[in-house]
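Close look at the chain arrangement
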Amino acid sequence: MLISKLLRATLFPILLAFSLLPTWVMANALEGIRVWPSPDETRVVIDLKSEADYSYFTLSSPERLVVDLKQTTLTTKLPINVTDSPVIKKIRKSSPPEKTTSRLVFELKKKASPQLFKLAPTPGGQYGHRLVIDIPHDASSQSSTSSSQASSSSSSSVSRDASQLLGSAEIVVAIDAGHGGEDPGSIGPTKKYEKHATLAVSKKVADQLNAVPGMKAVLTRRGDYFVNLNKRSEIARKNKAHLLVSIHADAFHSPKPRGGSVFVLNTRRANTEIARWVENHEAQSQLLGGAGEVLAKNTNDKNISQTLLDLQFSHSQKEGYKVATKILGEMKRQGIYLHKREPVNASLAVLKSPDIPSVLVETGFISNPSEERLLFQRSHQDKLASSLSKAIVQYFEANPPEGTLFANRGKAIKHKVSKGESLSVIAKKYGTSTSAIKQANKLKSNSIRIGQVLTIPGGKIQIAVPEISNPVETRRITHVVQSGEYLGLIASRYKVSVANIKRENKLKSDTLKLGQKLQITVSMKDQPVRKHKVKRGEFLGKIASQYNISVSSLREANNLRSDSLAVGQVLIIPNN
């Protein structure tokens, strides 16, 4: 009896430990798989409960990548069919080498050289532990990228092409839409993502610059995918960009800050609390994307290398400051509220291209409810894009790079005819007329041949950013305070916040006076419903013209099947 009691006392803790062992061993869990194709590679992000313990190998005929996650259970649905990646067909599970391991199989469309690395949780708790798999679309892209990077770093000047020798080279501006893909950037009060606003504005800036004779815009990303912070500068360098403009939307732990800012590189320290916040945010993006070293040392003589870098940095910082000042001035002229009227210093990876002047534009605070709304309005995005485009054009008008069309305004320029070009196409490119080109070259007809060198007459080439007209999405109205009205009631009527009304009218308290006039910026769709009572002699066209709307929108708002109206009939007047 005593022996059995002793055995039970001894065996119970051991059995208990064994019963708990599987739970302890399988401590990690695969919580989700996200696939983000980009033009150069497809990134797969595996979300895990804790740090990954993994191994991998590749198989051929057919091509596969096999990843073993040790001590890990699967809690996500598989298989995943991937339709938008040039390299991955399917992600599925397979029989593991041991019970405590989860095996993932990536069925590939072609041979690839995957890169795997772990990412720690982000400081803000946005993401936990992750295993990232980058699969290049071209198996040789990794080696070619590294070799091109080495050659670009070792060469201090770019060789001239024919267009530069002819004095007709384009000014290239790299437009960088911040964040993207797995990195949403800052998130607004209504859960709108910074990455979507930055891409929309960036595309508009690119379109406007491309419409300017002698300018060409290059986007670092064209869709919703992540681009490594250092690769953004590489894209600019590869395209021989004269300027890099990175577009973002600011955020803060308080919803109060608002307005635009422009950041320039200062390697010592940030000079405002907001700048420090932005630096921390970029550090989080580095964790989201796994950014590596900013600069590669490609020369044996470190002293010479450092001296050259210092000189290039000094020049880039000075020119970046000029661009930033122009952008702030143009934003102010177009009525965009500024958080800071002078360029702000910050040490940010995307600004650290020693050979390319760079600026980072914060278009507003997405953490501010009213600015979050503005950042997603087409009309406000157009205003932002126009400000940036005009400022960039103004900067290059004052500082034209050698060999470019901007530098040769007023001088005769030589143009070599390429395949598909006509006189009208060439005239548009240089901002002149076909008759002026014909006269300068003594042409009797519009016929030209490939390889023919034309003289483009001198004179003032008109360089202006085209205006883009979109429907106005906001309107500033005047409200006269009536008896019994208070701020909360008025704000509710116009679907705006009390804080916005107070800020727009510089009110220090909530007290209103009878007959007081308030300026309120309202969304067109949120304006109070307007009604019109049809009078004798009125018809749809006349009423539409009176309210500056279209006849079709008037018909649609009132469900009219014909244009016939009755005297006294009440019509709803739409706000857009």
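Since this is a predicted model, take the numbers as computed values, not measurements. (Residues numbered from 1 in each chain as written. Predicted model: local features only at pLDDT ≥ 70, side-chain atom pairs only at ≥ 80, totals over all residues. Heavy atoms only, no water.)

1. A few points about the overall build of the protein chain
When its secondary structure is counted, the protein chain shows 15 helices and 22 strands. Within the protein chain, buried positions represent 44% of all 576 residues. Look at the contacts in the protein chain between residues 6 or more apart in sequence, and 71% of them connect residues 24 or more apart. For the protein chain, the exposed area adds up to about 30300 Å²; of that, 52% sits on carbon and sulfur atoms. (Helix = DSSP H or I, 4+ residues; strand = E, 2+ residues; numbered from the N terminus. Buried < 20%, exposed > 50% of the residue type's maximum accessible area, 1.4 Å probe, protein only. Contact = heavy atoms within 4.5 Å. Areas by Shrake-Rupley, 256 points an atom, 1.4 Å probe, with all protein chains shown as cover.)

2. Brief notes about helix H12 (residues 487-494)
Working note: α-helix, 3.6 residues per turn, so residues spaced by three or four point in the same direction. Taken as a whole, H12 has its buried residues at Leu 487, Ile 490, Ala 491 and Tyr 494. All buried residues of H12 fall inside an arc of 100° around its axis, so they share one side. Directly beyond the C-terminal end of H12, a positive phi value near 55° is found at Lys 495. (Arc of directions from axis to C-beta.)

3. Digging into the sheet that holds strand E2 (residues 41-48)
Judged by pairing direction, the sheet is mixed, and its five strands sit side by side in the order E5-E1-E2-E10-E9 without closing on themselves. Bordering the open sheet on either side are strand E5 (72-74) and strand E9 (115-119), each of which pairs with just one other strand. The sheet shows a mean angle of 30° between the axes of neighbouring strands, direction not considered. Both strand E1 (residues 28-37) and E5 contribute to a ladder of three bridges, which runs parallel. Paired with Ala 29 across the bridge in E5 is Thr 73. (Pairing = 2+ DSSP bridges. Axes fitted to C-alpha atoms, helices over the stretch in contact; angles between N-to-C directions.)

4. Observations concerning the packing of H12 against helix H13 (residues 498-505)
At a minimum axis distance of 8 Å, the contact between H12 and H13 shows a crossing angle of 105°. Considering the angle they form, H12 stands roughly perpendicular to H13. Here Leu 487, Gly 488, Ile 490 and Ala 491 of H12 come into contact with H13, specifically with Val 498, Ile 501 and Lys 502. Taken together, the residues of the contact of H12 with H13 sort by class into five nonpolar, one polar and one charged. (Parallel < 35°, antiparallel > 145°, perpendicular 65-115°, else oblique. Nonpolar A, V, L, I, M, F, W, Y, C, P; charged D, E, K, R; others polar.)

5. Topic: the sheet that holds strand E4 (residues 64-70)
Strand order in this open sheet of five strands is E3-E4-E8-E7-E6, and the pairing throughout is antiparallel. Edge positions in the open sheet fall to strand E3 (54-59) and strand E6 (80-81), since each of these has one partner strand only. Strand direction decides the pairing type here: E4 and strand E8 (residues 101-108), joined by seven bridges, are antiparallel. Paired with Arg 64 across the strands is Glu 107, a residue of E8.

6. Some details on the nonpolar core
Formed by 40 residues in total, the largest nonpolar core has its most connected members in Val 173, Met 215 and Val 245. Going through the elements one at a time, strand E11 (171-177), helix H4 (194-210), strand E12 (215-219), strand E13 (243-250), strand E14 (261-265), helix H7 (302-333), strand E16 (358-365) and helix H9 (378-398) are the ones with two or more residues in this core. Looking at this core element by element, the count peaks at eight residues for H9. With residues near it in sequence (within four places) discarded, Met 215 still touches Glu 170, Ile 171, Val 173, Leu 209, Asn 210, Ile 392, Val 393, Phe 396 and Phe 406. (Core = buried A, V, L, I, M, F, W, Y, C linked by side-chain atoms within 4.5 Å.)

7. Quick notes on the pattern of salt bridges
In this structure the tally under the stated criterion is 14 salt bridges. The salt bridge involving Glu 107 is made with Arg 92; its shortest N-O contact spans 2.6 Å. Taken together, the positions of Glu 107 in strand E8 and Arg 92 in strand E7 (residues 88-94) put the pair 15 residues apart, joining distant regions of the chain. In this structure, Asp 176 and Arg 232 form a salt bridge, with 2.6 Å as the shortest nitrogen-oxygen distance. In this pair, Asp 176 is assigned in strand E11 and Arg 232 in helix H5 (residues 229-238), connecting sequence segments 56 residues apart. In this pair, the class of Asp 176 matches that of Arg 232, namely buried. Salt bridges here are not isolated pairs; linked through shared partners, they connect Arg 43, Asp 134 and Glu 182. (Salt bridge = Lys/Arg side-chain N within 4 Å of Asp/Glu carboxyl O.)

8. Describing the side chain of Arg 43
Residue placement: Arg 43 occurs in strand E2. Overall, Arg 43 belongs to the buried group, its relative accessible area being 7%. Of the polar contacts made by the side chain of Arg 43, one reaches the side chain of Glu 182; its length is 3.0 Å. (Polar contact = N/O pair within 3.5 Å; in protein donor to acceptor, adjacent residues only side chain to side chain.)

9. Focus on the pairing of E12
Counting buried residues along E12, four of its five residues qualify, which places the element largely inside the surrounding structure. Examined bridge by bridge, E11 and E12 share five bridges and lie parallel to one another. Within the sheet, the bridge partner assigned to Val 173 lies in E12 and is Ala 217. The parallel pair E11 and E12 is bridged by H4, and the resulting crossover is right-handed. (Right-handed = clockwise from strand over helix to strand, strands pointing away.)

10. Here we look at unusual backbone geometry
Residue Pro 62 is reached from Ser 61 by a cis peptide bond, and omega for that bond is 0°. The amide bond that connects Leu 78 to the next residue, Pro 79, takes the cis arrangement and shows omega of 5°. Structurally, Pro 79 can be placed in the loop between E5 and E6. With a phi close to 55°, Lys 506 is a non-glycine residue in the positive phi region.

11. Focus on the confidence of the model for the protein chain
In the predicted model, the protein chain carries a mean pLDDT of 79, and 75% of its residues have values of at least 70. Of the regions scoring below 50 in pLDDT, residues 142-160 engages in 13 contacts with residues more than four places distant in sequence or in other chains. pLDDT under 50 marks residues 291-309. Its contacts with residues more than four places away, or in other chains, come to 21 contacts. (pLDDT = per-residue confidence, 0-100.)

12. Focus on the environment of Gln 115
Along the chain, Gln 115 turns up in strand E9. For Gln 115, a relative accessible area of 35% puts it in the partly exposed group. The sequence separation of Gln 115 and Asp 134 amounts to 19 residues, and the corresponding C-alpha distance is 5.1 Å.

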